[in-house]
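So you can see what is in the structure, the chains are spelled out below.
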Amino acid sequence: MEFNEVIDKRRTSREWSDREVDFEAVKRILTAGMKAPSWDHYRSWQFIVLHTQEEKANAFGYAKALAEKFDTGRYENRRLNLAQKMYAYAMPKQYTMLVDCPYVVVPLFKCRKLNAEWVSKLNPLTTAWCVAENMMLAAVNEGLGYSLRIPLNREHDIVLERLGVPQGWMTPCFIGIGYPREGAPVLEQYSSDPSGHIHMGGW
């Protein structure tokens, strides 16, 4: 697939077909992740891959509880902007978009505790997000879709504990990989034209 086509097609998916995904495609996606910039040059990232329903249900119970508590009624019969429409559509699917997906990857980076005193202190997290972005683009290039969940509050520690991750590792997100359901809603997007966002020579 041509690069700009991949960029244009990159969208988070939240509903899946039951079509199985070839694990060789998953490995190619992980290979793309491993080619991300690495602040320490070691590329020491690790990946937990969840495939069975039991594995995913065990990991994402926190997301299930959050989704079940979400009140969809508060968004009905209201005029919503694009961000609100996305929130109302996405929040109830925070669990199913992971457990119904054929594979979920939990990328891990070495870090005991985030220190945001200086931007440079976030290098481990920043490069882990480069890994995630490479993976998402690679999934689209494979003709697949992806779901993306950033762990909320205690969810980060709960999921890593359930997956037996040793101390000293963190994750930026959970990435589902699968074939999107045909006919799933495609929400409008705000303009991606950078013209109004460019400041030449300074702000």
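Above: the structure in question.
Residues numbered from 1 in each chain as written. Predicted model: local features only at pLDDT ≥ 70, side-chain atom pairs only at ≥ 80, totals over all residues. Heavy atoms only, no water.

Colleague: What am I meant to see in unusual backbone geometry here?
Modeller: Phi is mostly negative for residues that are not glycine, and the peptide bonds are mostly trans. Of note in this structure, Asn77 is not a glycine but carries a positive phi near 55 degrees. Position of Asn77 among the secondary structure elements: in the loop between helix H4 (61–69) and helix H5 (82–90). The class for Asn77 is exposed, based on a relative accessible area of 82%. Positive phi outside glycine occurs at Asn153, with the angle close to 50 degrees. (Helix = DSSP H or I, 4+ residues; strand = E, 2+ residues; numbered from the N terminus. Buried < 20%, exposed > 50% of the residue type's maximum accessible area, 1.4 Å probe, protein only.)

Colleague: Can you help me understand the packing of aromatic side chains in this one?
Modeller: Each aromatic ring pair is summarised here by two numbers: the centre-to-centre distance and the angle between the ring planes. Evaluated as defined, the whole model comprises 5 aromatic pairs. Here a set of aromatic residues connected by ring pairs shows up, and it is made of Phe70, Tyr75 and Tyr87. The ring of Tyr179 has Arg19 lying over it, and the distance from NZ or CZ to the ring centre is 3.8 Å. (Phe/Tyr/Trp six-rings, centres within 6.5 Å; stacked < 30°, edge-to-face > 60°. Lys NZ or Arg CZ within 6 Å of the ring centre and 35° of its normal.)

Colleague: For this particular structure, what's the right way to read helix H8 (residues 155–162)?
Modeller: Counting along an α-helix, one turn takes 3.6 residues, and residues three or four places apart therefore face a common direction. Turning to H8, its buried residues number three or more, namely Glu155, His156, Ile158, Val159 and Leu160. The inward-facing, buried residues of H8 contact helix H3 (53–59), H4, strand E2 (103–110), strand E3 (145–149), strand E4 (169–170) and strand E5 (174–178). (Contact = heavy atoms within 4.5 Å.)

Colleague: Looking at this model, I keep getting lost on the pattern of salt bridges. Mind explaining?
Modeller: Close approach of charged atoms allows side chains of opposite charge to pair. All told, the structure shown has 6 salt bridges when counted by the stated rule. The residue Lys85 makes a salt bridge to Glu188 at a minimum N-O spacing of 3.0 Å. One end of the pair, Lys85, is in helix H5; the other, Glu188, is in the segment after E5, with 103 residues separating them in the sequence. (Salt bridge = Lys/Arg side-chain N within 4 Å of Asp/Glu carboxyl O.)

Colleague: Explain the side chain of Arg14 here, please?
Modeller: Within the element layout of this structure, Arg14 appears in the loop between helix H1 (3–9) and helix H2 (23–34). Here Arg14 sits buried without a salt bridge, and the closest side chain of opposite charge, Glu15, lies 8.6 Å off (N-O distance). Arg14 has contacts with Met86, Tyr89, Ala90, Lys93, Gln94 and Met97, leaving out every residue within four places of it along the chain. (Lys, Arg positive; Asp, Glu negative; His and termini not counted.)

Colleague: I tried to follow the packing of H2 against helix H7 (residues 123–141) on my own but got confused; where do I start?
Modeller: Two numbers describe a pair of packed helices, the interaxial angle and the distance between the axes. Packing of H2 against H7 leaves a shortest axis separation of 7 Å and a crossing angle of 145 degrees. Relative to H7, the crossing made by H2 is right-handed. Between H2 and H7, the residues in contact are Ile29, Leu30, Ala32 and Gly33 and Val131, Asn134, Met135, Ala138 and Ala139, respectively. For the contact of H2 with H7, the residue count by class is 7 nonpolar, 2 polar and no charged. (Axes fitted to C-alpha atoms, helices over the stretch in contact; angles between N-to-C directions. Left-handed = near helix turned anticlockwise from the far one by under 90°. Nonpolar A, V, L, I, M, F, W, Y, C, P; charged D, E, K, R; others polar.)

Colleague: Sorry if this is basic, but what is going on with H2 here?
Modeller: Between its first and last C-alpha, H2 extends 17 Å over 12 residues, near the 16 Å set by a 1.5 Å rise per residue. When H2 is considered as a whole, its buried residues turn out to be Ala25, Val26, Ile29, Leu30, Ala32 and Gly33. The arc that holds the buried residues of H2, viewed along the axis, is 155 degrees, so those residues lie on one side. Where H2 is buried, its residues meet strand E1 (46–50), E2, H7 and E5. Between a side-chain oxygen at the N-terminus of H2 and the backbone nitrogen of Glu24 the separation is 3.0 Å; the capping residue is Asp22. (Expected span 1.5 Å × (residues − 1). Arc of directions from axis to C-beta. Polar contact = N/O pair within 3.5 Å; in protein donor to acceptor, adjacent residues only side chain to side chain.)

Colleague: So what exactly am I meant to see when it comes to the nonpolar core here?
Modeller: The tendency in soluble globular proteins is for nonpolar side chains to be buried as a group. Membership of the largest hydrophobic core comes to 30 residues, with the highest contact counts inside it found for Ile29, Phe109, Met135, Leu144, Ile175 and Ile177. In terms of residue count, H7 provides more of this core than any other element does, 10 residues in total. Ignoring anything within four residues of it in the chain, the contact list for Met135 reads Ile29, Leu30, Gly33, Phe47, Val105 and Ile175. (Core = buried A, V, L, I, M, F, W, Y, C linked by side-chain atoms within 4.5 Å.)

Colleague: Please clarify how the pairing of E2 should be interpreted in this entry.
Modeller: Each regular strand displays side chains that alternate between the two surfaces of the sheet. When you tally the buried positions in E2, you get 7 out of 8 residues, the bulk of the element. Of the strand pairs in this sheet, E1 and E2 are connected by 5 bridges, and their pairing is antiparallel. Considered in E2, the bridge of Ile48 is made with Val106. Inspection of the sheet shows E2 paired to E5 by 3 bridges, in the antiparallel sense. (Pairing = 2+ DSSP bridges.)

Colleague: Looking at this structure, how should I read the pairing of E5?
Modeller: Where burial is concerned, most of E5 is hidden: 5 out of the 5 residues are buried. Pairing analysis gives 5 bridges linking E3 to E5, with the strands arranged antiparallel. Bridged to Ser147 within E5 is Gly176.

Without other data, these values stay purely geometric and don't point to any function.
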